[in-house]
Amino acid sequence: MLRQRYGHVSAERLLSGPGLLNIYLALCELAHVVPRNYSPEQISQTGLRGEDPQCAETLEIFCAGLGTAAANLVVCLGARAAAYIGGGIVPKLGDYFDRSAFRSRFEHKGRFSSYVAQVPTYVIVAQTPALRGLAVALENS
């Protein structure tokens with residue numbers, strides 16, 4: 001469905017607010033279920049409450065996919081200190097994200113598994129973190 005609609009389905013197409021909707025719609029189509037007119041936030045909330053199987057599976061797929069994408073970036077960039085997860089979705093998932101497949105998928109990197117297992121991951125929960133970082137950079141210059 002997504003490939004027919006977009007031609008190319010990238011990680012960015014799935015690992016975002018609109019991506020939640022894309023995953024949800026694809027799962028509904030596969031299950032032959034009429035999708036509800038949910039926003040990405042409603043998909044997250046409904047999935048967290050376990051009220052809709054497609055919403056719950058959407059969150060599972062999202063968290064697992066984010067783990068894979070984050071690990072790919074760590075390996076590509078040679079990061080060692082940490083990987084920080086930001087955005088509007090993950091901080092709202094709270095404990096669910098901690099229990100999700102994110103970290104196991106993050107560490108499942110074949111010959112790079114031991115490398116990425118040593119890299120901690122953190123969720124950014126601060127408001128306007130970029131502005132805070134900019135303020136520190138300006139103060140230190």
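Residues numbered from 1 in each chain as written. Predicted model: local features only at pLDDT ≥ 70, side-chain atom pairs only at ≥ 80, totals over all residues. Heavy atoms only, no water.

Looking at the overall build of the protein
And then number 1: Scanning the protein from N- to C-terminus turns up 10 helices and 2 strands.
And then number 2: Seen in sequence order, the protein has helices and strands lined up from the N terminus as α-α-α-α-α-β-α-α-α-α-β-α.
And then number 3: For the protein, the C-alpha atoms occupy an extent of roughly 55 × 35 × 30 Å along the three principal directions.
And then number 4: Sorting the 141 residues of the protein into buried and exposed places 31% on the buried side.
And then number 5: A separation threshold of at least 6 residues defines the contact pool for the protein, and within that pool the share at least 24 residues apart is 61%.
And then number 6: When the accessible surface of the protein is split by element, carbon and sulfur atoms take 55% of a total near 8900 Å².
And then number 7: The distance from the centre of the 13 positive side-chain charges to the centre of the 11 negative ones in the protein is 7 Å. (Helix = DSSP H or I, 4+ residues; strand = E, 2+ residues; numbered from the N terminus. Buried < 20%, exposed > 50% of the residue type's maximum accessible area, 1.4 Å probe, protein only. Contact = heavy atoms within 4.5 Å. Areas by Shrake-Rupley, 256 points an atom, 1.4 Å probe, with all protein chains shown as cover. Lys, Arg positive; Asp, Glu negative; His and termini not counted. Charge placed at Lys NZ, Arg CZ, Asp CG, Glu CD.)

A short note on the packing of helix H4 (residues 40-49) against helix H5 (residues 53-77)
And then number 1: Two numbers describe how H4 lies on H5: the axes approach to 7 Å, and their chain directions differ by 100 degrees. In terms of orientation, H4 lies roughly perpendicular with respect to H5. In this structure, H4 contributes Ile-43, Ser-44, Thr-46, Gly-47 and Leu-48 to the contact, and H5 contributes Cys-55, Ala-56, Thr-58 and Leu-59.
And then number 2: Residues belonging to the contact of H4 with H5 are distributed by class as follows: 5 nonpolar, 4 polar and no charged. (Axes fitted to C-alpha atoms, helices over the stretch in contact; angles between N-to-C directions. Parallel < 35°, antiparallel > 145°, perpendicular 65-115°, else oblique. Nonpolar A, V, L, I, M, F, W, Y, C, P; charged D, E, K, R; others polar.)

Comments concerning the nonpolar core
And then number 1: With 22 residues, the main nonpolar core has Phe-62, Leu-66, Val-74, Phe-97, Phe-102 and Phe-106 as its most contacted residues.
And then number 2: Of all the secondary structure elements, the ones that give two or more residues to this core are helix H3 (17-31), H5, strand E1 (83-85), helix H6 (90-93), helix H7 (95-99), helix H8 (102-107) and helix H9 (113-117).
And then number 3: If one sorts the elements of this core by residue count, H5 sits on top with 7 residues.
And then number 4: If near-sequence neighbours (up to four positions away) are discounted, Phe-97 is found in contact with Cys-63, Leu-66, Val-90, Phe-102 and Val-123.
And then number 5: By size, the runner-up hydrophobic cluster in this structure holds 5 residues, among which are Tyr-24, Tyr-38, Ile-43 and Cys-55. (Core = buried A, V, L, I, M, F, W, Y, C linked by side-chain atoms within 4.5 Å.)

Let's talk about the side chain of Asn-22
And then number 1: Here Asn-22 is to be found in helix H3.
And then number 2: For Asn-22, a relative accessible area of 6% corresponds to the buried category.
And then number 3: When neighbours within four sequence positions are excluded, Asn-22 is seen to be in contact with Leu-2, Arg-5, Tyr-6, Arg-13 and Leu-14.

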